[in-house]
Amino acid sequence: MVPVTVENARALWTILQQPDLRTYQDLPSVSAPVFTEMVGRRPKHLHAGATGRFEWLIYPSHTRRPAGWISLRIAERDPASGEIGYSVVRDHRGRGVATEAVRAVIEAGFEDAGLGRLNAYCVPENAASRRVLERAGFTYEGVLPHGATVGGTPVDVLMHRLEREAWLQSGNSIVMPASGYPA
Ligand SMILES: CC(C)(COP(=O)(O)OP(=O)(O)OC[C@H]1O[C@@H](n2cnc3c(N)ncnc32)[C@H](O)[C@@H]1OP(=O)(O)O)[C@@H](O)C(=O)NCCC(=O)NCCS
């Protein structure tokens, strides 16, 4: 996994243009230069107390083009929690790519950023995403009415949560470190 920077932001922007990634989520609809500018304003270091959006391109072994992306968003109003989001392009789906990336970002969130809790949201119809979260150790917490918008329309989302303590006790905490962000 490679952190998204102004140098590779265009590769992520290109992925974001794929229409089937927007079936279950809203993604930014901006030009490549504007997107690159947005990336340039993001934090550069992932460490305890860091806030903002951290994002990685996912490169499965032996691939030169990214298979998807994964993000970790830490809000200033709740710096002990992070929210995970991800997508994998169609050709790479069903091979465990998202699950592996989520596991790596869980590790970055708890170990590098020192978070106490991770949250993830998906719409009820997104069975693949629900399965990814389940396999990565997240627990289903309930429905958040109108918790997101898809195609500009408010939709209910399923809340999933993973506490640091539960992760440490689960044995899932032994994964390859993949932050790549300087501390
Ligand atoms: C959700 C998504 C990221 C999953 O990526 P992926 O790399 O294929 O995920 P993985 O291979 O790690 O795991 C997918 C799991 O879902 C299962 N799955 C896939 N489609 C499914 C379906 N329609 N119903 C039930 N399970 C399904 C797979 O069998 C697999 O589980 P398994 O390993 O137990 O067999 C990918 O489908 C995607 O990008 N979708 C479009 C964008 C999106 O929805 N992003 C997430 C927003 S919350």
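J.: Run through the site of the ligand, naming residues and quoting values.
T.: Near the ligand you find 21 residues, and of these Gly94, Thr99, Asn126, Arg131 and Arg135 are the closest. Here arginine 135 contributes a side-chain N or O atom positioned 2.5 Å from an oxygen atom of the ligand. When the ligand sits alone it has 960 Å² of accessible area, and the protein chains cover 71% of it. Sorting the residues of the shell around the ligand by element identifies β4 (81–88), α3 (97–112), β5 (117–122) and α4 (127–135) as the ones contributing at least two each. For the shell around the ligand, the class distribution of residues is 10 nonpolar, 7 polar and 4 charged.

J.: Please set out the pairing of β5 residue by residue, giving values where relevant.
T.: Pairing geometry for β4 and β5, over 4 bridges, is parallel. Bridge assignment links serine 81 to a residue of β5, and that residue is arginine 117. In this fold, the crossover linking β4 to β5 by way of α3 has right-handed handedness.

J.: I'd like a description of the packing of aromatic side chains, backed by residues and values.
T.: Going through the model one piece at a time under the given rule, you end up with 1 aromatic pair. Pairing phenylalanine 110 with tryptophan 167 gives two aromatic rings, centres 5.1 Å apart and planes at 45°, and the pair type is tilted. Taken together, the positions of phenylalanine 110 in helix α3 and tryptophan 167 in helix α5 (residues 164–170) put the pair 57 residues apart, joining distant regions of the chain. Residue classification places tryptophan 167 among the buried residues on the basis of a relative accessible area of 2%.

J.: Just give me the short version of the side chain of threonine 99, but keep the residues and values in it.
T.: Position of threonine 99 relative to the elements: it lies in helix α3. Owing to a relative accessible area of 5%, threonine 99 belongs among the buried residues under this scheme. Threonine 99 has contacts with Val132 and Arg135, leaving out every residue within four places of it along the chain.

Rules of the game
Residues numbered from 1 in each chain as written. Predicted model: local features only at pLDDT ≥ 70, side-chain atom pairs only at ≥ 80, totals over all residues. Heavy atoms only, no water. Near = heavy atom within 4 Å. Polar contact = N/O pair within 3.5 Å; in protein donor to acceptor, adjacent residues only side chain to side chain. Areas by Shrake-Rupley, 256 points an atom, 1.4 Å probe, with all protein chains shown as cover. Helix = DSSP H or I, 4+ residues; strand = E, 2+ residues; numbered from the N terminus. Nonpolar A, V, L, I, M, F, W, Y, C, P; charged D, E, K, R; others polar. Pairing = 2+ DSSP bridges. Right-handed = clockwise from strand over helix to strand, strands pointing away. Phe/Tyr/Trp six-rings, centres within 6.5 Å; stacked < 30°, edge-to-face > 60°. Buried < 20%, exposed > 50% of the residue type's maximum accessible area, 1.4 Å probe, protein only. Contact = heavy atoms within 4.5 Å.

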